[in-house]
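Letter by letter, the chains look like this.
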Amino acid sequence: MSENSCFYGSHVPQPITPAKAAAHFATITRHRLIVRKLCFECGLYRQGMLHDLSKYSPEEFLVGARYFSGSESPNNEERRVRGYSSSWLHHKGRNKHHYEYWLDYSVRMIPGGYRPVRMPGCYVAEMFCDRVAASKIYRGEKYRDSDPLRYYLGSTTARFLHPDTAALLEKLLRMLAEKGEETTCGYIRTHMHKHTLEQELHSCGLFCNG
Ligand SMILES: [Zn+2]
């Protein structure tokens, strides 16, 4: 049985061309640069440097180059062709800023079932930066600090998050909408960074490894 029939893909895969590979490379790199700038503002230097690096791996890059369209994630077209996205599965399993990374089996509350694990604060902060960067690229000149919150509230994301993770992400997005990027990144830098680890662990349990 072929992979297509197995996973109910319906489209025919397109060839990889140098132009699509170059455009995909530029898209990834542009996104990474915006996330890096935001992460640095938040004091997350290591995460800012490493963010989404796996997108340059052959498993992810070649899929992105093959299905590049410029109007949506190449993973969606891979889903239409293969029935699932091998690139996304590779990505979410290696990048801790994705909440999908933090889904695990429960052996207590729901035996044998999946449940979201509480995300460390530093990865919630990186997820925040990722979402802001995505909104900036998507909205372009029209971007407003309220866009990432509006997008989050209009999505189904919260139901897949641990309640503490959802509360923290929403708090940061609300702060961004109401007080702006500088204040919010400053808050992350001072309240969720390594040197405040002790206090944070004792107060609200949010922590970050820098
Ligand atoms: Zn990512």
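Here we summarise the structure given alongside this text.

Definitions and limits used
- Residues numbered from 1 in each chain as written.
- Predicted model: local features only at pLDDT ≥ 70, side-chain atom pairs only at ≥ 80, totals over all residues.
- Helix = DSSP H or I, 4+ residues; strand = E, 2+ residues; numbered from the N terminus.
- Buried ≥ 20, exposed ≤ 12 C-beta atoms within 10 Å, placed from the backbone.
- Core = buried A, V, L, I, M, F, W, Y, C linked by C-beta atoms within 7 Å.
- Domains from an automatic or database assignment.
- Axes fitted to C-alpha atoms, helices over the stretch in contact; angles between N-to-C directions.
- Contact = placed C-beta atoms within 7 Å.
- Expected span 1.5 Å × (residues − 1).
- Parallel < 35°, antiparallel > 145°, perpendicular 65-115°, else oblique.
- Left-handed = near helix turned anticlockwise from the far one by under 90°.
- Nonpolar A, V, L, I, M, F, W, Y, C, P; charged D, E, K, R; others polar.

A separate point is the environment of Thr183. Following the sequence through the fold, Thr183 ends up in helix α10 (residues 181-191). Classification of Thr183 by C-beta neighbours within 10 Å gives partly exposed; the count is 13. For the pair Thr183 and Cys42, spaced 141 residues apart in the sequence, the C-alpha separation amounts to 9.9 Å.

Turning to the nonpolar core, a few remarks are in order. Residues Leu38, Cys42, Val124, Ala125, Phe128, Cys129 and Leu169 are the most contacted members of the largest nonpolar core, which totals 28 residues. Sorting the residues of this core by element identifies α2 (18-41), α7 (121-139), α9 (163-179) and α10 as the ones contributing at least two each. Sorting elements by how many residues they give to this core places α7 first, with nine residues. Residues lining this core come from more than one domain, with at least three contributed by each of domain 1 (14-99) and domain 2 (118-203).

Attention now moves to the packing of α9 against α10. One can describe the packing of α9 onto α10 by two numbers: an axis separation of 7 Å at closest approach and a directional angle of 145 degrees. Taking contact as the criterion, the partners of Leu172, Met175, Leu176 and Lys179 in α9 are, on α10, Glu181, Thr183, Thr184 and Tyr187.

This paragraph deals with α2. Every α-helical turn comprises 3.6 residues, leaving residues that sit three or four positions apart pointing alike. A rise of 1.5 Å per residue sets the reference length of α2, with its 24 residues, at 34 Å; its end C-alpha atoms lie 35 Å apart and thus fit the reference within 8%. Residues of α2 that are buried sit in contact with α3 (45-50), α4 (58-66), α5 (74-82), α7 and α10. Gly43 sits one or two residues past α2 and shows a positive phi near 80 degrees.

Next up on the list: the environment of Lys37. Position of Lys37 relative to the elements: it lies in helix α2. Here Lys37 falls in the partly exposed class, since 14 other C-beta atoms lie within 10 Å of it.

The phi angle at Asp52 is positive, at roughly 60 degrees, despite the residue not being glycine. Mapped onto the secondary structure, Asp52 falls in the loop between α3 and α4.

Taken N-terminus to C-terminus, the directions of α2 and α7 make an angle of 130 degrees; their axes are 9 Å apart at the nearest point. Classed by the angle they form, the pair α2 and α7 counts as oblique. Two packed elements cross with a definite hand, and for α2 against α7 that hand is right-handed. Contact residues: Arg30, His31, Ile34, Val35, Leu38 and Cys39 in α2; Glu126, Cys129, Asp130, Val132, Ala133, Lys136 and Ile137 in α7. The class makeup of the residues in the contact of α2 with α7 is eight nonpolar, one polar and four charged.

Tracing the backbone shows Leu38 in helix α2. Placed 88 residues apart in sequence, Leu38 and Glu126 show a C-alpha to C-alpha distance of 8.7 Å. Sequence-distant contacts of Leu38, defined by excluding residues within four places in its chain, comprise Cys129, Val132, Ala133 and Cys185.

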